[in-house]
There are 4 protein chains.
Amino acid sequence: MLKNVQPFVAGYRFGSVGVAHNGNLVNYMKLRAMLEDNGSIFNTSSDTEVVLHLIATSKTRPFFLRIVDACEKLEGAYSMVFLTEDKLVAVRDPYGFRPLVMGRRSNGAVVFASETCALDLIEATYEREVYPGEVLVVDKDGVQSLCLMPHPEPKQCIFEHIYFSLPNSVVFGRSVYESRHVFGEILATEAPVDCDVVIAVPDSGVVAALGYAEKAGVPFQQGLIRSHYVGRTFIEPSQKIRDFGVKLKLSPVRRVLEGKRVVVVDDSIVRGTTSSKIVRLLKEAGAKEVHMRIASPPIIASCYYGVDTPSSEELISNRMSVEEIREFIGCDSLAFLPLDSLKKLLGEESKDFCYACFSGKYPVQPKEIKVKRVGDFVDDGLNGSLESIDGGWVQAPQNQDAQKVSEAGKLSSLT
Amino acid sequence: MLKNVQPFVAGYRFGSVGVAHNGNLVNYMKLRAMLEDNGSIFNTSSDTEVVLHLIATSKTRPFFLRIVDACEKLEGAYSMVFLTEDKLVAVRDPYGFRPLVMGRRSNGAVVFASETCALDLIEATYEREVYPGEVLVVDKDGVQSLCLMPHPEPKQCIFEHIYFSLPNSVVFGRSVYESRHVFGEILATEAPVDCDVVIAVPDSGVVAALGYAEKAGVPFQQGLIRSHYVGRTFIEPSQKIRDFGVKLKLSPVRRVLEGKRVVVVDDSIVRGTTSSKIVRLLKEAGAKEVHMRIASPPIIASCYYGVDTPSSEELISNRMSVEEIREFIGCDSLAFLPLDSLKKLLGEESKDFCYACFSGKYPVQPKEIKVKRVGDFVDDGLNGSLESIDGGWVQAPQNQDAQKVSEAGKLSSLT
Amino acid sequence: MLKNVQPFVAGYRFGSVGVAHNGNLVNYMKLRAMLEDNGSIFNTSSDTEVVLHLIATSKTRPFFLRIVDACEKLEGAYSMVFLTEDKLVAVRDPYGFRPLVMGRRSNGAVVFASETCALDLIEATYEREVYPGEVLVVDKDGVQSLCLMPHPEPKQCIFEHIYFSLPNSVVFGRSVYESRHVFGEILATEAPVDCDVVIAVPDSGVVAALGYAEKAGVPFQQGLIRSHYVGRTFIEPSQKIRDFGVKLKLSPVRRVLEGKRVVVVDDSIVRGTTSSKIVRLLKEAGAKEVHMRIASPPIIASCYYGVDTPSSEELISNRMSVEEIREFIGCDSLAFLPLDSLKKLLGEESKDFCYACFSGKYPVQPKEIKVKRVGDFVDDGLNGSLESIDGGWVQAPQNQDAQKVSEAGKLSSLT
Amino acid sequence: MLKNVQPFVAGYRFGSVGVAHNGNLVNYMKLRAMLEDNGSIFNTSSDTEVVLHLIATSKTRPFFLRIVDACEKLEGAYSMVFLTEDKLVAVRDPYGFRPLVMGRRSNGAVVFASETCALDLIEATYEREVYPGEVLVVDKDGVQSLCLMPHPEPKQCIFEHIYFSLPNSVVFGRSVYESRHVFGEILATEAPVDCDVVIAVPDSGVVAALGYAEKAGVPFQQGLIRSHYVGRTFIEPSQKIRDFGVKLKLSPVRRVLEGKRVVVVDDSIVRGTTSSKIVRLLKEAGAKEVHMRIASPPIIASCYYGVDTPSSEELISNRMSVEEIREFIGCDSLAFLPLDSLKKLLGEESKDFCYACFSGKYPVQPKEIKVKRVGDFVDDGLNGSLESIDGGWVQAPQNQDAQKVSEAGKLSSLT
């Protein structure tokens, strides 16, 4: 997405405005067509440019009201920060799909970031979240809050806790480290198996694996190492492309695996191809049994709110039962985090999260066929007919004591 | 060391030769001066160029005998691989300071690498080590072994097991993972402490920390995260500079540390400044107590055989007692791996390793003042008068039951 | 003008359009303000972008009518070529300030260029000029001509013949080579002087100098060489910036100049600083006398139609009499091409040319204060009060037979 | 010649030395082989590196005597300047093939250059030539002259006056402008023809064309223009490659040529292909007759002393008679500058020049087969059997009054 590089800077008659944006609009094409009909010229295929043109064509004054005016036309997920010559304006969509937090540096400067770990890095203190539907205007007179368009029930992206955020972040008011540790504990409780060692798919599976190991009372070891290493020279990817579902080359540690019954914990399964390679790696390195535990429910529907998921056709959990996936991957048993358990864990706040990728029920209906823009995937958006499959797990058939397979994720069917 | 980038390629009258080199010569300056007096022109300050000129000026024939001729003039640590148009030649110095292994790809091609993990990455099978003092010539007729200059007792670098090699490598015939795990177990046995959680300084301290946690029966957690992360964008160092003693920015995980008595395991202490920062980080993130455990003995002498250590003056263990270091670092207790325990662990092979950095006793005497070349440290090489300190540890004075401090590393003096 | 590099490409809803533009709008700022008020976002400060936005906001259909619609709002000088996926559209402003010709390649392809010499280079045959106020639409059905807005009297830029075009071009139906040769002949007739050699300021003065030499019967020599040469290596400017009035470093040829009475012919004088340096160069190289002859009338007013002239304040002919200029420059005599002679030479077509830079009478009134855009000059546009000075010349006072100076360009006042 | 880029810098034990070199060694391969046998490693295929290694292996002291020692081993053409930390050393080979001049800046700094025009550009004053076989050492104590190896008769390259040097230079004590002007005058005298206009092949033929025009009393015009011009944008070659015999794209000026009998003057003919294209260009632009006059004798032998000539096989004058060349080129008459006339013009100094390319008689015998190095031509060096052809000319057969053709260059045979 070379042309769509952040941050954008637009030159308006009243001055230059820089914008950073995280999310995805579901009415992008409709808005772009409307703007082009009225004479706007687009240089990129990014959501951000739509916002910039909406601001330019707004008849409202002053500038931050133009932003409000523009945002009222947007549908979908967006967290945005605007920088003008004398103001910093932060906006979060009414559903609050993407996180956005406010911090303060020791010199009093207000900063915004997606994750609190970014605040830590620049030694800023976390102050509070930007609320769903809130517009925050920061200038020399301080911070002023405006209501964009409140929404009774936020729909925060659960995948921030499963995969995106770093474990040292606090996202949507919860510790990511704790979420993942508990995901692992739940897996150990609901899908236990006799094993000698617990390992993780690094880095995103590590905390859940530690939770599993602790709960199961089995030692955690470094059975897989991320290998950015060739000979004596490090070949680090100059830019880690954060493609969801793609993982770096992994190297197994024979010493840890040889002759062992191994539980391997990963954060999620997208297409299933990586999992399949990992199981083969572990078996070739001598693992006697490989039991895969996934610290999220099965993904059955493509995301329309900013997560770079492939189309539904490519999602393995959309095409196969848990037992079929287990067979495809080649592991001895496979279990996902049950969606019910996930919701129970979230408790009161459960209703404030978006589970569209697990259920196919979209809080904001995707009205347009997903069009392939640079760096995107094509999708026909027809997820309506899919039956929702809550997390489930299945034992390999050769393990006779795990005959009953719960396709609907009823964990109680185990043993 | 921009100008000294590997591999070197030299154009000789008889063809081009590429060279990769790992190690450090102790008679570099003498050899360079001798060569320049005879008309050789140097483009870099690397050991490799000395070798290339020695080969060029050798009167011996054929090519691999020129290499032998050249190597007989070298003193110090070197593992080298030469590539000519029809031959691959691998050489390891008589002491075998640096590792060098031979592997074979599925198509029969012979490959050489420092670590076995590099063989894994290119899917080659480990065959055997290149022996100290051995010259291996590979061509279409197969592999031929020549004896360069045998040495009764190898002096393999123990730091390969402590820090350099990846845990999935087998180095000098031993699993690096197992070495580090046992280092951690020894620390848990010889320098135990009441604690709630064991964490590691990533990445090199992780395996020893797992060993410590397992032996101590205390959960291991990810209390420190390597932070190559700013906001939503990854800023990965385009080239990780493998400066010994320098670590990437680390972020603490408050959830793991808050109110806890923490054991933190690191691989070694060089100048002590990083350890000091880590302790402060952990305490600021809420750790009630911080107990540092180091999975190697104290480093008191600079290395002359290829490890990029600072001069002895800068080595904290050369200047301070263990108790003074503990105070400098600010932790509640500090313990190193005792050198005796390390040797006992190595058993029979103990005598085949070099411990110069822990003892100041150099197997090949450094004859020259270390001269600052690009990327190197200056050192006067005068370590003779230092008293050797085997690993020791010390409890913070406020812990009244740990009054007696063993400067000589007598672990039995604890409580 | 890095950001304003040609050609521009705009992505419209109906497809991409590339544009090349030559000229200058006098109502740029008014149009830009109007467009920005309606929500257009500008990325550059070029006239071209104004045109692109006017096309985007036009409600007319189809595309070439949008162009007509846009052009009807433009005031000033413009020759433009648009390339869409299936059409090539060429437009020339109603006054025809800038040249624009149509050619045809041997394969039948229609091409447009400013000068015929560009057609020669790509081996295209000159067909005809695009007429002032004409819109030419080229597609698979052939060439179609539309009338934009005819103008009874074209106002073609006379400077194309004086400086801009290459001598091998035919511009506005006349040979540039012949124009310049005759300019030189007129100077030799109307401002003769005893001399030993005629030289040119290369490259633009060469043809006029040849005309002068031939008419005067005095040998032409290469007395000045454009020096893009240092030592044995050529340092060619990677991009010759065609700043009007700026010339490359020139080197004198002593052999040609020493002890000689020299006539040096240049195309024009803008600020006078370059002429002053040239006279000094020639004298230092031994010239006994230096007589400067300028193959254009004095420039007294800034151009608003695309020629990159400085503001009137910086034009030496606007501030000084011919005699004062001669003194400032330091030459022994100085003569300009009289405007009357120039007009007489053009004959019937004389009324079809713009002489605003020589007279201050603008065919299209500049309505805006010239605003400093990237690469432009600031000008207040107040040239109305200037008295027009036709070409004149003056002999240095020491030449007693040339006392009477004609400020109004009455050449008859000579001797 | 990317790898052989000037200036070279070598790091010696006693310091760094920068070198610039102009010329060509005839014993390069012998010297390189000798040096490589003794252990020198070469990075490039340039003459300069041979010199640097000879300096490095010299046992003489101090540095400038090492240079003398090295130069005594060189055979061929070289002008070199060395820069050490405290000295500037200039050397010219005993035959003085290539020019080398010393100048002084107004601050007293001594500078060296190939041509005096380079001195002009940096505003240095020409002081004197470096003599053939001279070594000049410049340091804080002033300029010291040493005799390298005197030679009774210098052999200066006549092509400096014909093509290489700029007309405003003084080379080997003679004005290049005057040389070329006289070459043209001689051609007008010895090979006259009825014509309407004299034109030049720019840039190197201009001065000779002016000489011809003046002597013949026929007007000189700009009939060919160097075209680095496309449309309104200049496309200047970022680096003019000074390949001998290659010329930039030329554009004819129809106005000058149409219906005219044209004399076109060029500096030399190498392969004949460019001349052939020029004649076709001129005829297509309407020239009635094209008479080519070449301001140098026919080139029949490849140069071994630094001029980048193709092999003898590719030299058209080596393969064809003047009449055959005329026919190949397609002009109506053709004449070269007779070698005798050239020598007569040089008078006393005639014996101090090298005419090897016109005669095949080499002052320093080329001992080696010319080997293709980067940027060079291959040549077998077998020029010994070629008969020398002094300049001659020939009229086209259709011009009945020019029947008698002098193959041996007897100009008197004309008419």
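The name given to chain A in an unreviewed UniProt entry is Amidophosphoribosyltransferase, with Salix koriyanagi as the source organism. A UniProt comment under Pathway (unreviewed entry) is attached to chain A, and it reads "Purine metabolism; IMP biosynthesis via de novo pathway; N(1)-(5-phospho-D-ribosyl)glycinamide from 5-phospho-alpha-D-ribose 1-diphosphate: step 1/2." Checking UniProt for chain A, the heading Catalytic activity (unreviewed entry) contains the comment "5-phospho-beta-D-ribosylamine + L-glutamate + diphosphate = 5-phospho-alpha-D-ribose 1-diphosphate + L-glutamine + H2O".

(A) The arrangement of the environment of B:Glu284 in detail. All names here are of chain B. You can see Glu284 is positioned in helix H9 (residues 273-284). Exposure remark for Glu284: the relative accessible area of 54% places this residue in the exposed category. In sequence terms Glu284 and Pro252 are 32 residues apart; their C-alpha atoms lie 9.0 Å from each other.

(B) Focus on the UniProt feature "binding site: Mg(2+)" (unreviewed entry) in chain A. All names here are of chain A. If you check UniProt for "binding site: Mg(2+)" (unreviewed entry), the listed places come out as Ser204, Asp266 and Asp267 in our numbering. A maximum C-alpha distance of 7.1 Å places the annotated residues, which cover 64 residues in sequence, within one compact spot. Its location among the elements puts Ser204 in the loop between strand E13 (197-200) and helix H7 (206-216). One polar contact links Ser204 to Asp267, side chain to side chain, over a distance of 2.7 Å. One can find Asp266 in strand E18 (residues 261-266). Residue class for Asp266 comes out buried when judged on its relative accessible area of 1%.

(C) Quick look at the pattern of salt bridges. One pass over the structure, following the stated rule, counts 80 salt bridges over all chains. Of the charged contacts in the structure, one is a salt bridge between A:Asp352 and A:Lys351, with a shortest N-O distance of 3.3 Å. Ionic pairing is found between C:Glu129 and C:Arg92, a salt bridge with its closest N-O pair at 3.2 Å. Taken together, the residues span a long stretch of sequence, with C:Glu129 in strand E7 (residues 125-129) and C:Arg92 in strand E4 (residues 88-92) at a distance of 37 residues. Comparing C:Glu129 with C:Arg92, the two get one shared label, buried.

(D) Just the pairing of strand E5 (residues 101-104) of chain D, in detail. Residues and elements named next belong to chain D. Here four bridges tie E5 to strand E6 (residues 110-113), and the two strands are oriented antiparallel to one another. Note on E6: the bridge partner recorded for Gly103 is Val111. The hairpin formed by E5 and E6 contains five residues between the paired strands, and Gly108 there has a positive phi angle of roughly 95°. Two strands pair when backbone bridges link them, and E5 and strand E7 (residues 125-129) are joined in this way by four bridges, in the antiparallel orientation. Pairing of Arg104 across the sheet is with Thr125, part of E7.

(E) Focus on the side chain of A:Arg293. Residue and element names in this part refer to chain A. Among the secondary structure elements, Arg293 is positioned in strand E19 (residues 289-294). No salt bridge is formed by the buried Arg293; its nearest oppositely charged neighbour, Glu289, is found at 8.9 Å. Engagement of the side chain of Arg293 in a polar contact is seen with the side chain of Ser333, the distance being 3.0 Å.

(F) Quick peek at the packing of aromatic side chains. Counted under the stated rule, the structure contains 34 aromatic pairs over all chains. Ring-pair connections join several aromatic residues into one group, and the members of that group are A:Tyr95, A:Phe97, A:Tyr304, A:Tyr305 and A:Tyr362. Stacked on the ring of D:Tyr355, the Lys or Arg D:Lys343 has its end atom at 4.9 Å from the ring centre.

(G) Fine view of the packing of helix H6 (residues 176-190) of chain A against helix H12 (residues 339-346) of chain A. Residues and elements named next belong to chain A. H12 packs onto H6 with a crossing angle of 130° between their chain directions and a minimal axis gap of 11 Å. Considering the angle they form, H6 stands oblique to H12. Considering how the two elements wind past one another, H6 and H12 form a crossing that is right-handed. When H6 is examined against H12, the residues Val182, Phe183, Ile186 and Glu190 are found in contact with a partner set consisting of Ser341, Leu342 and Leu345. Residues that form the contact of H6 with H12 fall into these classes: five nonpolar, one polar and one charged.

(H) The arrangement of the sheet that holds strand E3 (residues 76-83) of chain D in detail. Residue and element names in this part refer to chain D. Here we have six strands laid out as an open sheet, ordered E1-E2-E3-E4-E8-E9, and antiparallel in their pairing. Each edge of the sheet is formed by a strand with only one pairing partner; in this case those strands are strand E1 (8-12) and strand E9 (142-147). This sheet shows a mean twist of 20° between the axes of neighbouring strands, independent of strand direction. Sheet topology places E3 next to strand E4 (residues 88-92); five bridges connect them, and they run antiparallel. The residue of E4 that forms the bridge with Leu83 is Leu88. Against the sheet, helix H2 (residues 47-57) engages E1, strand E2 (15-25) and E3, with an angle of about 130° to E2.

(I) View of unusual backbone geometry. A cis geometry characterises the amide bond from A:Pro202 onward to A:Asp203, with omega recorded as -10°. Here A:Asp203 lies in the loop between E13 and H7. Each neighbour pair has its own omega, and for C:Arg61 with C:Pro62 the value is -10°, a cis peptide bond. Relative to the assigned elements, C:Pro62 resides in the loop between helix H2 (47-57) and helix H3 (63-71). Residues other than glycine seldom take positive phi values, yet D:Phe172 does so here, at roughly 50°. Turning to its location among the elements, D:Phe172 is positioned in the loop between strand E11 (170-171) and strand E12 (174-175).

(J) Structural view of H7(A). All names here are of chain A. Among the eleven residues of H7, eight are classified as buried, and the element is accordingly described as predominantly covered. Along its buried surface, H7 packs onto H6, E13, E18 and E19. A positive backbone phi angle near 70° is found at Gly217, which sits one or two residues after H7.

(K) Spatial organisation of the environment of C:Glu185. Residues and elements named next belong to chain C. Inspection of the secondary structure assignment puts Glu185 in helix H6 (residues 176-190). Along the sequence, Glu185 and Ala216 sit 31 residues apart, while their C-alpha atoms lie 7.9 Å from each other. In this view, Glu185 contacts Gly211, Tyr212 and Lys215; residues no more than four positions away in its chain are not counted.

(L) Representation of the sheet that holds strand E1 (residues 8-12) of chain B. All names here are of chain B. Strand order in the open sheet formed by six strands is E1-E2-E3-E4-E8-E9, and the pairing between neighbours is antiparallel. The strands lining the two open edges of the sheet, one partner per strand, are E1 and strand E9 (142-147). When the angles between neighbouring strand axes are averaged without regard to direction, this sheet yields 20°. In this sheet, strand E2 (residues 15-25) lies alongside E1 in antiparallel orientation, the contact comprising five bridges. Residue pairing across strands places Val9 opposite Gly18, the latter belonging to E2.

(M) Spotlight on helix H7 (residues 206-216) of chain D. Where H7(D) is concerned, the buried positions are D:Val206, D:Val207, D:Ala208, D:Ala209, D:Leu210, D:Gly211, D:Tyr212 and D:Ala213. The secondary structure elements touched by the buried residues of H7(D) are helix H6 (176-190), strand E13 (197-200), strand E18 (261-266) and strand E19 (289-294) of chain D.

Rules of the game
Residues numbered from 1 in each chain as written. Chains lettered and ligands numbered in written order. Predicted model: local features only at pLDDT ≥ 70, side-chain atom pairs only at ≥ 80, totals over all residues. Heavy atoms only, no water. UniProt positions renumbered as here; feature names shortened; annotations may be inferred. Helix = DSSP H or I, 4+ residues; strand = E, 2+ residues; numbered from the N terminus. Buried < 20%, exposed > 50% of the residue type's maximum accessible area, 1.4 Å probe, protein only. Polar contact = N/O pair within 3.5 Å; in protein donor to acceptor, adjacent residues only side chain to side chain. Salt bridge = Lys/Arg side-chain N within 4 Å of Asp/Glu carboxyl O. Pairing = 2+ DSSP bridges. Lys, Arg positive; Asp, Glu negative; His and termini not counted. Phe/Tyr/Trp six-rings, centres within 6.5 Å; stacked < 30°, edge-to-face > 60°. Lys NZ or Arg CZ within 6 Å of the ring centre and 35° of its normal. Axes fitted to C-alpha atoms, helices over the stretch in contact; angles between N-to-C directions. Parallel < 35°, antiparallel > 145°, perpendicular 65-115°, else oblique. Left-handed = near helix turned anticlockwise from the far one by under 90°. Contact = heavy atoms within 4.5 Å. Nonpolar A, V, L, I, M, F, W, Y, C, P; charged D, E, K, R; others polar.

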